[in-house]
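Structural description and commentary
These are the residues of each chain, in order.
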2 protein chains.
Amino acid sequence: MSKVAPYEWDSEGNLQINDAQLGKGWWNYLFNDQAQLKIDPYGQGQSWSREPRINAWGRGRRECWIRFANGRTWSPSGWPQRHPEASWACRHAPMWTRIESRLGDLEVHWRVFLPREGPHEIWTVRLINHGSSPLALALTHCLFQPTAGFMGSRSNWDAERRLLWRHDFPHHAGWDEYEPLSKLANYLYLRPLTDPHSWAVSDPDYFGSAMPAEVPDGVLQGFPSREAALDPSCAATQNELTLGGGESKAYHFIAGAAVSLDQAAGACALLKDDQAIEDALAERVEEWEETEKRLWIETPDPQINRYVNRWAKKEIVWMSRLWRNGITTPWRNELQDSMGYSLFDEPQARPFLDTVTAAQTKDGHLKVWNTRPGEKPNHPLVNYRHNDGSIWLLICQCMALRQSGDRTLMERPIAWGDGREARLLDHLSAALEESAADRGDHGLVSMHDGDWTDPLNGPGRLGRGGSGWATMALAYGARLLQPLAITAGDESLARRCLELHAELTRTVQKQLWAEDRFAYAIDDEGKRFGDQADDRVWLNAQSWGILSGIATREQIPLIRKTVDSRLMTPCGPVLIDPMFTGWDPQVGRLSLKVPGSTENGSVYCHAAAFWAAALAEIGAADEALDILKRVLPEHPENPCEECGQPPIWQHNAWFGDRNSPHFGRTSGTLGTGTVPWAVLTIVEKLLGVEASLEGLRVGGALPQGWAGSKVTRWFGGESETVVRS
Amino acid sequence: MSKVAPYEWDSEGNLQINDAQLGKGWWNYLFNDQAQLKIDPYGQGQSWSREPRINAWGRGRRECWIRFANGRTWSPSGWPQRHPEASWACRHAPMWTRIESRLGDLEVHWRVFLPREGPHEIWTVRLINHGSSPLALALTHCLFQPTAGFMGSRSNWDAERRLLWRHDFPHHAGWDEYEPLSKLANYLYLRPLTDPHSWAVSDPDYFGSAMPAEVPDGVLQGFPSREAALDPSCAATQNELTLGGGESKAYHFIAGAAVSLDQAAGACALLKDDQAIEDALAERVEEWEETEKRLWIETPDPQINRYVNRWAKKEIVWMSRLWRNGITTPWRNELQDSMGYSLFDEPQARPFLDTVTAAQTKDGHLKVWNTRPGEKPNHPLVNYRHNDGSIWLLICQCMALRQSGDRTLMERPIAWGDGREARLLDHLSAALEESAADRGDHGLVSMHDGDWTDPLNGPGRLGRGGSGWATMALAYGARLLQPLAITAGDESLARRCLELHAELTRTVQKQLWAEDRFAYAIDDEGKRFGDQADDRVWLNAQSWGILSGIATREQIPLIRKTVDSRLMTPCGPVLIDPMFTGWDPQVGRLSLKVPGSTENGSVYCHAAAFWAAALAEIGAADEALDILKRVLPEHPENPCEECGQPPIWQHNAWFGDRNSPHFGRTSGTLGTGTVPWAVLTIVEKLLGVEASLEGLRVGGALPQGWAGSKVTRWFGGESETVVRS
């Protein structure tokens, strides 16, 4: 008998988790344009509706219990307790998750998906009797709802609409606020397609006298089926049934949020029976398969294939379409995310890119911090000035324009944030000039309250400090814009790009080159850092020094040696070395971050992908691939079972404190610019299938380990296949 | 064998809970001036430090586990799971809580208290081997810490200071904010007086692979004793020990918050061993006994005695000294709370009363909403104008002045909120005139954004509506001030009080009397409500109509009949009838509250106490006592075991929806103006021992059921005893 693998890939490329100990971090995420669900292998995790505002409709907790005729109980999902005799597995697919468990003759599948439309999650419990004798069972199903607002909630069974509801009118300040607040999704509901024998709508009625580590009273005895007020609320049902030998039965539950009970009932009516629900799921799966086909690669590396063909694409769609489910987010994220979207679906990506572009003001400036329409800013950074809005606009639009293969897009008018409109090309030219003009005496782009390195709020707070990274990124943007300007016939703009690039190159070389590395920046007092004086190495200054074309042929080997010796780890390069261990007024907030975390010296995957892109740019394909594989999940030197990262999405960072027992552990967070950059680098640089306004270009050497490859890309409205060997 | 009572009073008057099913709502609260702890019968509940800002240092969760030599485990507190063979009881005293449990030969006491000084909770686990054979045990103790801020936390063992620490620097916006934020209590610590054999500082290290309803891995196997970063944090220790036959051992744990680890270590050093800890507890107990003695009543009713002598007093001290642990609170609460404090400790209450008085501006206005110094306002109501600040200042200062027995207090200078200072009597006169002047054409005090009924933000939002309650309360204030003015020799003020009272009486009679009740108010459009037209009855308009002396001898029986027939329930009178069941623009936010909750028709204990006070005022002592007993905990028609209210503190409200299965359930919230009013009514009206600037006055009839009584009060610096029979 062979040992069961902790996890494996099933025949459809879905993740099958066999070892329940892999834990809560191995969650999947499901979404449509109106809702999102994060779901772990035990059926736990938060769900949000996004319309009219982002609002959780669950507490992240769900229970499913079986009570047998002898009174014994079993939670098939393994939560909150495992049954020592039950088998267990969880399957995460792009569009659904299913927990599969069996105890004796009884098999239970607990599955969830989100339909294409509507803010609800659909759960199915399928009970299968593998024996020949009938089984008398009681099935309990419960979704726990979020804490109500200041004024508490009510909940009850609606006998007409056959659903459990909870109503919560949040605390508010003024008489005038009733009208807008009444239009929010203040009702939560759970519609069981089969009427329950008993139900509960509050935690006290669900648990009774049970302690947290005991089986809830209601599971054992049935529920009191009575209204609730002011208590923590849930939506629990119990169905009693007899399952004949060989028989199978399914119970469906639709849970979500609505502005009114009629709206809830209307949404549920579309999912009226088993067939309607299976059809709704099939529709999602087919739709997803169509998306996958738009960019399909075949390399000898199954990890890379899985990443590009399926999981990276899913993360990009989620990031772009749901703006990472954020309330206040930096445009830099949205721009890179939709740039990534354009790699396989430029028409779908275009509206997101254009939305950002339309926020640019006529002076070329793009305020980095954006709050989703209808929401209130949810953190104070929104009021601060970061210097990279227009730079990312320039970079990402140039890249996405290449993906469109459509030169007329540059001529399309897009509004300015402060009125009128101009050609997209004019927007990009304005972005270039805004940053070019925002330079200090040192010639570097001003730092203000931070650049890509968000928490770097020390060096430029007085308005004088200059950012090496932003200056390099502007040079990179100029480099990307120049050929587009030529295609558009704007020779003057093309020339300007070249001139600016040359000027920025001279400046960076003069101000920042420091023997074996580029320094990162110059602060308000004119003091440089990230050089020999403080002996700190900043990865981004090296990556972008190369990407931008500023680093000379002589400097590149020195830079690579510095990165390799100072920053490289088995998990990829750390972002800075050494980490800050306490408040440093020169860099500010960054120095207060936990050493080894995010900008303070983690292996920040996004930045590692920049480094891989830089290596690919100079033809170091094998090294670029090696870096990417170390920051993507599933590297043998930091296996998923140990680092905590499930292999179905890209995390933000590995913990980077090399002296900590937690070095290499995943940040566990979804949504990162790593994904578009990794896909871009793999497809265009390592596989050498590059989009341009002149068509697909194929070239460059494949990584040494790749004997051959096949790439199918949608480009210019058609599917093109490139086979290399 | 007699059945064990679910709860009982032990020989020291402490609450002994025998039935673990009484639940989490049966919590005690412990506090000193710097900290507060809410603690349930299983050792769960939130703890807060108050300096420099209000900040939780725990997640409210604690575990204590025993592992026996055979590998079996037991949680003596019964949380998260009960042991079917273990005995269990919990004892709540004013200054400590102790859980007492026994399994076989092993008895475990788990006790907590707060020392007089310092933001920490002190836990003691006492293990007693009642058998003759030695027991080999492993004791696990864990405090779970709050979620860290945006930037995560670090935690570790400090080998020098012998404590577990967690550091969290909260997310912040600007470079300039480092300085103030670094002065907050960003360190949490747990100091075990006995070094542990192993420890954990993160949830993952504590639980390992265990599911929520399983015994944590660390309890079974010991902990990894390693630093943590970015994970949810805890402070867990494990000690291995052998307890000889008949032997007893104690383990102490000090947990709290500090600005630095040195500060933490310094605070712990004062509690260095078993003796120091027992001394610190004894000091608290003695101090509390001194407080109790300042007002001691003996009536034939043990419930009333317990309430006044112990539990009400404790709640008043907590409310007054800790401002109900609120960040933004209405001064109306603080004024009534410290008025209650003055009933047994006027010198201690005085600074709190004066602090509020010093916020009054020269025009006599006292803005109701106050935010604790050093905090930011934590809800939007702070920006709205409620009309009752100066009215409560007038009422509560007059009442407290009587308690002082010191006529010179009226002459003492107190600053105005906007500069200079004036005699306290001038402050009160200004308060009277400010409200007297703030009246509309109808002659009623303007409603603005609400009166005592906070969420009544509809009727007066345009500035024209008038409040019946506020007008009556102003008349009541004038009535209280008048004799003080005479004592002070200010005849003109005394005359003004009488004239204003007469004028307000005429106005209320003309505008609000409605056949069998007083209407509540007139809205901005001049439309009256709370009369026959809307057929709603508002309790407060009736109570204050009587209390103020406005109601005529003929009206009082009509009013009482209306209250009895429309509002009375076995749990006391509801606040309004009928409840609002949806948005009513006339009254505003009140109508959105869950029907039967708080101002929307609960049995609001504070308002019920007003009604009792009104009945006592007119000599209906038996009826007043009956009302009080129905709203205080422990009424046989709504027993504690059913309503969920523990008999050691006063809740805010009983759920008032008479059609709901939850009618009569406690709101479960601590801190209410009920307490000062109940104590005032019991001592001064029912027992007839009334303080005045001329000395204690004794008079009035005792309730019929009370054959005799004894009251000992501190008054004017001396203890006086009044025996009546």
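**A word on the overall build of chain A**
- Helix and strand content of chain A: 17 helices and 39 strands.
- A compact globule built from 725 residues should have a C-alpha radius of gyration of about 27 Å, and chain A, at 27 Å, falls within 12% of that.
- Overall, chain A is about 80 × 70 × 55 Å in size when its C-alpha atoms are taken along their principal axes.
- Taken over 725 residues, chain A has a buried fraction of 54%.
- The long-range share in chain A, meaning contacts at least 24 apart out of those at least 6 apart in sequence, stands at 63%.

**Considering the packing of helix H6 (residues 302-321) of chain A against helix H7 (residues 331-357) of chain A**
Residues and elements named next belong to chain A.
- Orientation of H6 relative to H7, taken along the N-to-C sense of each, is 45 degrees, at an axis distance of 9 Å. Viewed along their axes, H6 and H7 adopt a mutual orientation that is oblique. The chirality of how H6 crosses H7 is right-handed. Note on element contacts: H7 touches H6 through Asp337, Ser338, Gly340, Tyr341, Phe344, Ala349 and Phe352, opposite Lys313, Ile316, Val317, Met319 and Ser320.
- Its residues assigned to classes, the contact of H6 with H7 comprises seven nonpolar, three polar and two charged.

**Let's talk about the interface of chain A and chain B**
- In this assembly, 42 residues from chain A lie in contact with 41 residues from chain B.
- Residues that form the side of chain A that touches chain B fall into these classes: 20 nonpolar, 14 polar and eight charged.

**Describing the sheet that holds strand E39 (residues 718-724) of chain A**
Residue and element names in this part refer to chain A.
- In spatial order, the strands read E21-E38-E39; together these three strands make up an open sheet with antiparallel pairing. Whereas interior strands pair on both sides, the edge strands pair on one side only; in this sheet they are strand E21 (295-298) and E39. Here the average twist between neighbouring strands, direction ignored, is 15 degrees.
- Direction of pairing for strand E38 (residues 709-715) relative to E39: antiparallel, over a ladder of seven bridges. In the sheet register, Val711 faces E39, and the bridge partner there is Val722.

**Digging into the relation of the copies chain A and chain B**
- For the match of chain A to chain B, the screw axis carries a shift of 0.0 Å, the RMSD comes to 0.0 Å, and the turn is 180 degrees. Taken together, the rotation and translation relating the two chain copies correspond to the operation of a two-fold axis. Taking the C-alpha atom as reference, chain A places Ala213 of chain A closest to the rotation axis, 2.0 Å from it.
- When the interface residues of chain A are mapped onto chain B, 98% of them are again interface residues, pointing to one common binding face.

**With respect to the sheet that holds strand E6 (residues 55-56) of chain A**
Residues and elements named next belong to chain A.
- Pairing is antiparallel across the open sheet formed by four strands, whose spatial order is E3-E4-E5-E6. Each edge of the sheet is formed by a strand with only one pairing partner; in this case those strands are strand E3 (28-32) and E6.
- Pairing geometry for strand E5 (residues 47-49) and E6, over two bridges, is antiparallel. In the sheet register, Ser49 faces E6, and the bridge partner there is Asn55.

**Description of the pairing of strand E4 (residues 35-39) of chain B**
All names here are of chain B.
- Along E4, four of the five residues are buried, which leaves the element largely enclosed by surrounding structure.
- Bridging between strand E3 (residues 28-32) and E4 involves five bridges; their strand directions are antiparallel. Following the sheet pairing, Leu30 is matched in E4 by Leu37.
- Hairpin connection between E3 and E4: a loop of two residues separates the two successive antiparallel strands.
- Strand direction decides the pairing type here: E4 and strand E5 (residues 47-49), joined by three bridges, are antiparallel. Directly across from Gln36, in E5, lies its bridge partner Trp48.

**Structural notes on the environment of Gly440 of chain B**
Residue and element names in this part refer to chain B.
- Topologically, Gly440 is positioned in the loop between helix H9 (424-437) and strand E26 (445-446).
- Residues Gly440 and Leu22, spaced 418 residues apart in sequence, show a C-alpha to C-alpha distance of 52 Å.
- In this structure, Gly440 is in contact with Ser446, Arg464 and Gly466, ignoring residues within four places of it in sequence.

**Comments concerning the pairing of strand E7 (residues 62-68) of chain A**
Residues and elements named next belong to chain A.
- Burial analysis of E7 places six of its seven residues in the buried class, which makes it a mostly covered element.
- In this structure, E7 lies alongside strand E13 (residues 135-144), joined through seven bridges in antiparallel fashion. Residue Ile66 lies in a different strand from E13, and its bridge partner there is Leu139.
- Relative to strand E8 (residues 73-74), E7 is paired through two bridges, and the arrangement is antiparallel. Bridge pairing in E8 places Ile66 opposite Trp74.
- Hairpin connection of E7 to E8: four residues between the antiparallel strands, including Gly71 at a positive phi of 90 degrees.

**Re the packing of helix H12 (residues 539-547) of chain B against helix H13 (residues 555-567) of chain B**
Residue and element names in this part refer to chain B.
- Relative orientation of the contacting elements H12 and H13 amounts to 155 degrees, with a least axis distance of 11 Å. Between H12 and H13, the crossing angle belongs to the class labelled roughly antiparallel. For the pair H12 and H13, the sense of crossing is left-handed. Residues Leu539, Gln542, Gly545 and Ile546 of H12 form the contact with H13, whose own contacting residues are Ile556, Ile559, Thr562, Val563 and Leu567.

**Overview of unusual backbone geometry**
Residue and element names in this part refer to chain A.
- The omega torsion across Glu51 and Pro52 is -5 degrees, close enough to zero to call that bond cis.
- Summarising the element assignment, Pro52 is placed in the loop between E5 and E6.
- At Ser225, a residue that is not glycine, the phi angle is positive and equals roughly 50 degrees.
- Here Ser225 is to be found in the loop between helix H3 (217-221) and strand E18 (228-229).
- Here Ser225 falls in the partly exposed class, since 16 other C-beta atoms lie within 10 Å of it.

Here is what the cut-offs are and how they apply
Residues numbered from 1 in each chain as written. Chains lettered and ligands numbered in written order. Predicted model: local features only at pLDDT ≥ 70, side-chain atom pairs only at ≥ 80, totals over all residues. Helix = DSSP H or I, 4+ residues; strand = E, 2+ residues; numbered from the N terminus. Rg over C-alpha atoms; globule rule 2.2 N^0.38 Å. Buried ≥ 20, exposed ≤ 12 C-beta atoms within 10 Å, placed from the backbone. Contact = placed C-beta atoms within 7 Å. Axes fitted to C-alpha atoms, helices over the stretch in contact; angles between N-to-C directions. Parallel < 35°, antiparallel > 145°, perpendicular 65-115°, else oblique. Left-handed = near helix turned anticlockwise from the far one by under 90°. Nonpolar A, V, L, I, M, F, W, Y, C, P; charged D, E, K, R; others polar. Pairing = 2+ DSSP bridges. Least-squares fit on C-alpha atoms with pLDDT ≥ 70 in both.

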